[in-house]
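Here are the chains, one letter per residue:
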Amino acid sequence: MSKFNRDPYDPLMQVQKWAYRCSKCSLCKYIHVYQGQYDDPRFVDICPSGKRWRFEAYYASGKQDIARGLLTDQLEYTDTLLHALYTCTECGGCMSVCAPYSGKDPLKTITALRERAVLDGVAPLPEHEPLFKSLENFGNPWQAPKQKRAAWAKKMGIKDALKDSPEVLFYTGCTYALDSNLTDTLKLAAGLMQKAGVDFGILGDKELCCGSTVLRIGDRKTYERMARENIEMLESLGVKTVVTGCAGCYSVLGEEYPEIQKPSYKVVHLVEMLAGLVKEGALEPKAEVAMKATYHDPCHLGRYCGIYDAPRDILASLPGLELVEMQRSRDNSWCCGAGAGVRTAFPEFAEWAAKERFYEASEHGAEVLVTACPFCEQNLRGASDGMEVKNIFELLASSVGLGGE
Amino acid sequence: MAVRSYDPTVQETVEQVMGLLQEVVGEEWISNDPAILIGYSKDNSFETAKKPHVVVLPENTGQVQEIVRIAGRFGMAVTPASTAINCAGGCIPQRGGILLDLRRMDRILEIDAENMTITIEPAVRFGVAQNQLKRQGLYAVNPSGPHTAGVATNHMDKGIGMPANKYGVGPDHIVSMTFVMPDGEIVKTGSGALPGAEKVCVEGPGPDMSGLFHSSMGIFGVMTEMTTQVYEWPKVEVLKVATFESEDLNPVTEFFYDITREDFVNECSHLQDAYFSWFATEDSEVAASIVDYIPRNDAIVILGGENEEEARLKEEQFLRLVERNGYELMDDGTVDMLSEMIGDIAYECKVLQSTMRVTRFYGSFQVVWFNSSLDRVSDLHKKYQRLADKHFRDNDWRNWDKPFPPTEVTVYTQPLEFGRSVMLELDFFISFDDSESVKRGLAFGYDAINMVLDDGGMFDRPYGGHGSFNFGTLQTPRLGTYAELLAELKRDIDPRNIMAPGRLNLPVSQT
């Protein structure tokens with residue numbers, strides 16, 4: 001394995017000081033110790049890969065050591081190193097618990113390690129190859145033809161954002177638009193905006209992948225190309241707002257794209273918009289949604305973007321729904337296990353992490369697990385032994401009389 | 001079986017040992033991959049990074065016994081780590097060999113509310129123990145470590161000083177311990193040494209051997225179980241801060257002496273303004289903006305009682321001491337504000353739980369941490385400031401990427417054990433990504449440690465304190481016969497020197 005040149009632009013050089021300054025205190029491994037939120041020792045781990053494999057290397061603290069090892073040529077890439085690096089879901093749990101105490105961000109080191117691995121030609125992993133080929137061939141990670149992206153919207157009378165100049169662009173994201181198990185949810189989400197009178201349009205088969213997955217896997221070059229194409233298109237539309245129901249797209253559009261170019265539009269997640277519409281009275285949940293549910297905070301919506309209240313506000317507005325909180329919620333949330341290419345490369349581990357979540361939900365008395373992210377939904381549904389998984393849009397739609405439940 | 005000599009350079013031996021260890025713990029819980037090994041090579045101390053040859057994660061005492069026996073056959077070093085967050089090189093495998101990562105042994109085995117004890121495995125953390133205990137109105141004394149620190153090893157190895165003199169030091173809480181000895185046999189300390197007599201008393205059949213294991217850092221064996229005392233959680237708690245606006249620490253020491261003599265507080269510590277501001281804030285700029293509003297010397301006290309009346313009486317007692325010593329009381333509004341700023345992370349140990357926040361300054365928080373007498377605090381602090389002036393004159397702590405300058409070198413004090421006994425921290429910051437600062441830190445540390453030893457201070461853990469380097473290399477030669485005797489005991493108990501070799505810098509056998 002060739003050693004990298006340590007030029008100032010080397011991703012690892014950017015995080016060198018974090019790698020050396022880790023105080024190995026292990027805060028990155030467990031949830032915050034908020035009063036009353038640490039009661040059950042079964043649910044205090046915050047790092048899925050660490051909890052599963054237990055060796056230091058699988059935690060964020062061990063990744064700092066790996067970074068030091070690569071920087072000082074003490075380490076070479078091994079299968080185990082790559083396994084430890086790529087079983088991390090980049091959920092940000094480590095960042096969330098470390099930063100308030102230490103001012104450090106261990107996640108940045110993990111991101112840099114992945115970028116370095118891609119530059120060194122040892123990543124993406126072979127398991128990621130179909131995903132990258134699909135992006136190259138179809139412009140989405142799901143090996144689906146571009147035309148299929150618009151199929152869900154047929155006969156819904158939704159504006160074409162390229163022609164009809166809507167105020168709001170509904171950026172659907174690849175997963176909602178192309179996974180046939182999720183397109184009904186997308187229809188309901190669009191239906192909710194229509195019912196509330198939102199002036200929105202879609203890009204249909206012209207919509208491009210946001211690049212979130214390639215960014216998280218570490219291929220920054222490909223990501224930046226995709227991001228620039230997207231930014232150019234979004235800026236050309238003249239919309240005031242871009243709304244998306246996908247947590248991954250939202251964090252990239254809202255948090256990452258501005259690092260490339262300051263946007264002329266506002267980026268909101270659909271839960272924020274819908275919570276506002278419910279509050280304003282534009283949507284009136286009336287029908288009973290009788291269930292005892294718990295909300296699973298998607299990492300990219302919660303820890304990455306700080307949206308915790310809006311989905312809970314929506315759930316609180318649904319008549320008959322009893323919301324119970326899991327011990328690991330909000331910034332203490334346990335990742336579903338799908339993110340950052342983990343489900344693609346390590347499906348068994350992704351399933352294990354999801355089952356941990358079901359276990360926690362059921363121990364807290366929940367009958368239904370609600371989320372607001374298509375990746376979480378996919379992974380949780382795939383791993384469920386019986387507990388129902390619902391998207392928050394479905395529940396709201398059913399309560400305002402749009403079908404579904 | 002014939003004893004084989006272990007040559008760490010011989011991969012064949014390592015692989016042979018790994019094969020045997022795999023039979024004990026299963027393939028999943030053992031690794032010699034470099035990416036795994038490096039995770040155990042470095043901590044937040046000046047200790048030179050050293051990798052083990054193998055990492056093993058046993059699940060129970062039986063597996064630990066088998067692992068130690070295998071290591072003994074090959075003469076291979078065994079370095080135990082419970083939660084592996086030791087900040088003084090305590091878990092760094094100085095001679096390579098087997099790193100025994102005990103983190104899977106994290107079960108609470110029993111909470112005995114009547115006897116006020118908890119029995120735990122070595123990797124049970126304060127965060128978990130405290131919450132389980134609280135359900136029964138109990139708590140384990142947390143010496144201001146983070147919630148990730150291990151209860152058992154913290155008590156055994158005298159983690160940072162206890163929050164008030166009435167608690168003594170870490171080992172004072174221990175009822176009994178179970179050790180896997182270097183030959184793989186099991187020894188229990190305390191009355192538990194006699195089967196059936198568990199929890200009868202803390203002292204074992206005399207002469208009591210418990211002390212041999214205190215601060216031993218694994219050189220006599222692997223601790224796999226501990227029963228430790230816990231205490232009743234006060235139903236009412238009051239936080240008070242007494243302040244003294246002066247550089248002179250003599251009034252601080254007299255105030256603490258009064259508190260020690262009257263022995264009525266649950267927690268008591270002394271912080272100077274800079275530390276207080278760092279504890280209270282997440283951001284260094286905010287810390288810098290509030291530091292001028294915080295008095296120079298702050299005695300933080302938590303009073304607790306069974307009811308409001310008891311708490312009120314203790315508060316009155318405290319106010320008398322404040323007045324007698326010329327202190328002022330921080331107004332409740334400021335206390336509330338600071339409490340709120342600290343509050344979301346303060347849990348087990350109130351103010352002190354936020355100590356991890358100091359690690360944000362320049363990366364690495366280093367402590368010269370020792371026991372001394374209240375009489376010497378003021379003088380030591382002044383000498384320390386002079387030393388800091390010599391080594392760190394050009395630093396500016398308000399720029400968060402620089403360690404703080406001599407004028408802000410602060411002292412942290414806790415009454416300890418009895419009378420004028422005190423735990424003292426003199427702190428400084430370095431960054432391991434800056435080799436110049438590491439050099440300066442080392443030079444400063446050696447000067448400071450020698451200064452402490454010359455002035456009658458004692459490092460009760462021979463390997464040093466938090467973030468410190470091998471204090472033992474400076475202190476042990478001064479121990480004379482005491483160190484020789486320890487070395488002889490080590491030879492007798494561990495003739496092949498497999499348990500944490502090199503850890504305590506003992507003479508002869510520990511070369």
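Residues numbered from 1 in each chain as written. Chains lettered and ligands numbered in written order. Predicted model: local features only at pLDDT ≥ 70, side-chain atom pairs only at ≥ 80, totals over all residues.

When helices and strands are counted, chain A shows 19 helices and 9 strands. At 21 Å, chain A has a C-alpha radius of gyration in line with the 22 Å of a compact globule built from 405 residues. With respect to the three principal axes, the spread of C-alpha positions in chain A is 60 × 50 × 35 Å. Going through the 405 residues of chain A one by one, you find that 58% of them count as buried. (Helix = DSSP H or I, 4+ residues; strand = E, 2+ residues; numbered from the N terminus. Rg over C-alpha atoms; globule rule 2.2 N^0.38 Å. Buried ≥ 20, exposed ≤ 12 C-beta atoms within 10 Å, placed from the backbone.)

This part covers the overall build of chain B. Scanning chain B from N- to C-terminus turns up 15 helices and 18 strands. Buried positions account for 56% of the 511 residues belonging to chain B.

Look at the link from A123 of chain A to P124 of chain A: it is a cis peptide, with omega at 0°. By the secondary structure assignment, P124 of chain A is in the loop between α7 (106-119) and α8 (129-138). Cis geometry marks the peptide bond from G206 of chain B to P207 of chain B, where omega comes out at -10°. Within the secondary structure layout, P207 of chain B lies in the loop between β9 (186-188) and α6 (210-213). The phi dihedral of R54 of chain A falls on the positive side, at around 70°, and the residue is not glycine. Position of R54 of chain A among the secondary structure elements: in the loop between α3 (48-53) and α4 (60-71).

This part takes up the interface of chain B and chain A. Opposite the 39 residues of chain B that make contact, chain A presents 37 residues. Looking at the side of chain B that touches chain A, the element that brings in the most residues is helix α4 (residues 126-134) of chain B, giving 4 residues. (Contact = placed C-beta atoms within 7 Å.)

To continue, consider the pairing of strand β18 (residues 421-430) of chain B. Residue and element names in this part refer to chain B. Where burial is concerned, most of β18 is hidden: 8 out of the 10 residues are buried. Examined bridge by bridge, strand β16 (residues 364-373) and β18 share 10 bridges and lie antiparallel to one another. Each residue of the ladder has a partner; that of V367, found in β18, is D427. Of the pairings in the sheet, the one linking strand β17 (residues 411-415) to β18 comprises 5 bridges and is antiparallel in character. Opposite P415, over in β18, you have V422 as the bridge partner. Joining the antiparallel neighbours β17 and β18 is a turn of 5 residues, in which E417 adopts a positive phi near 65°. (Pairing = 2+ DSSP bridges.)

A word on the sheet that holds strand β2 (residues 54-56) of chain B. All names here are of chain B. Read across the open sheet, the 4 strands follow the order β1-β2-β4-β3; overall the sheet is mixed. Looking at strand neighbours, the two that pair on one side only are β1 (30-31) and β3 (78-81), the edges of this open sheet. Note that β2 and strand β4 (residues 98-101) share 3 bridges and pair parallel. The partner of V56 across the bridge, within β4, is L100. Taken strand by strand, helix α1 (residues 11-25) contacts β1 and β2, and its axis lies near 10° from that of β2. (Axes fitted to C-alpha atoms, helices over the stretch in contact; angles between N-to-C directions.)

The next subject is the nonpolar core. Ranked by size, the top nonpolar core spans 268 residues in total, and within it L192, L274 and L396 of chain A together with V56, I98 and L100 of chain B carry the most contacts. Filtering out sequence-adjacent residues up to four positions away, L274 of chain A remains in contact with L192, L283, I314 and L396 of chain A. (Core = buried A, V, L, I, M, F, W, Y, C linked by C-beta atoms within 7 Å.)

This part is about the environment of C305 of chain A. All names here are of chain A. Of note, C305 is situated in the loop between β6 (291-295) and α15 (309-316). Residue class for C305 comes out partly exposed when judged on the 18 C-beta atoms lying within 10 Å of it. For the pair C305 and G254, spaced 51 residues apart in sequence, the C-alpha separation works out to 8.4 Å. Residues in contact with C305, not counting those within four places in the same chain, are Y250, S251, G254, E255 and H300.

Now for helix α3 (residues 61-74) of chain B. Residue and element names in this part refer to chain B. Between the first and last C-alpha of α3 there are 20 Å, a value that for 14 residues agrees with the 20 Å anticipated at 1.5 Å per step. Residues of α3 that are buried include every one of Q63, V64, Q65, I67, V68, I70, A71, G72 and F74, and no others. Residues of α3 that are buried sit in contact with α1, β2, β3, β4, β8 (174-180) and β10 (222-229). The positive-phi residue at the C-terminal boundary of α3 is G75, with phi of around 60°. (Expected span 1.5 Å × (residues − 1).)

Residues and elements named next belong to chain A. Reading across the sheet, the 5 strands line up as β1-β3-β2-β4-β5 and stay open at both edges, with parallel pairing between neighbours. Lying at the two open borders of the sheet, with one neighbouring strand each, are β1 (159-160) and β5 (266-269). Where strand β2 (residues 168-171) and strand β4 (residues 241-244) come together, 4 bridges link them in parallel fashion. Among the inter-strand pairings, Y171 is bridged to a residue of β4, identified as T244.

On to the packing of helix α14 (residues 270-280) of chain A against α15 of chain A, then. Residues and elements named next belong to chain A. One way to put it is that α14 packs onto α15 with a least axis distance of 8 Å and a crossing angle of 40°. Between α14 and α15, the crossing angle belongs to the class labelled oblique. Crossing geometry of α14 relative to α15 is assigned as left-handed. For the pair formed by α14 and α15, the contact residues are V271, E272, L274, A275 and V278 on the first element and A310, P311, D313 and I314 on the second. Of the residues that constitute the contact of α14 with α15, the class distribution is 7 nonpolar, no polar and 2 charged. (Parallel < 35°, antiparallel > 145°, perpendicular 65-115°, else oblique. Left-handed = near helix turned anticlockwise from the far one by under 90°. Nonpolar A, V, L, I, M, F, W, Y, C, P; charged D, E, K, R; others polar.)

Residues and elements named next belong to chain B. Across chain B, the average pLDDT comes to 84, with 86% of residues at 70 or higher. Note on residues 1-5: pLDDT is under 50 here. Beyond four places in sequence and across chains, it has 7 contacts. Segment residues 344-353: pLDDT under 50, and 30 contacts once partners within four positions in sequence are set aside and those in other chains are kept. Quick note on the complex model: pTM equals 0.93, ipTM equals 0.93. (pLDDT = per-residue confidence, 0-100.)

Another point: the pairing of strand β13 (residues 267-272) of chain B. All names here are of chain B. Counted residue by residue, β13 has 6 buried out of 6 residues, so it is predominantly covered. What you see with β13 is no split at all: E267, S269 and L271 on one side and C268, H270 and Q272 on the other are buried throughout. Summarising the sheet, β13 and strand β14 (residues 297-305) pair through 6 bridges and their orientation is antiparallel. If you follow H270 over to β14, its bridge partner there is A299.

Here the focus is the environment of M458 of chain B. Among the secondary structure elements, M458 of chain B is positioned in the loop between α13 (435-454) and α14 (472-475). For M458 of chain B, the contacting residues outside a window of four places in its chain are F370 and N371 of chain B.

All names here are of chain A. Between its first and last C-alpha atoms helix α10 (residues 183-195) spans 18 Å; for 13 residues at 1.5 Å apiece the expected length is 18 Å, and the two agree. Of all the positions in α10, only T185, L186, K187, L188, A189, A190, L192 and M193 are classed as buried. Check the buried side of α10 and you find it contacts β2, α9 (174-178), β3 (200-202), α14, β9 (388-391) and α19 (392-399). Positive phi appears at G197, one or two residues downstream of α10, with a value of about 80°.

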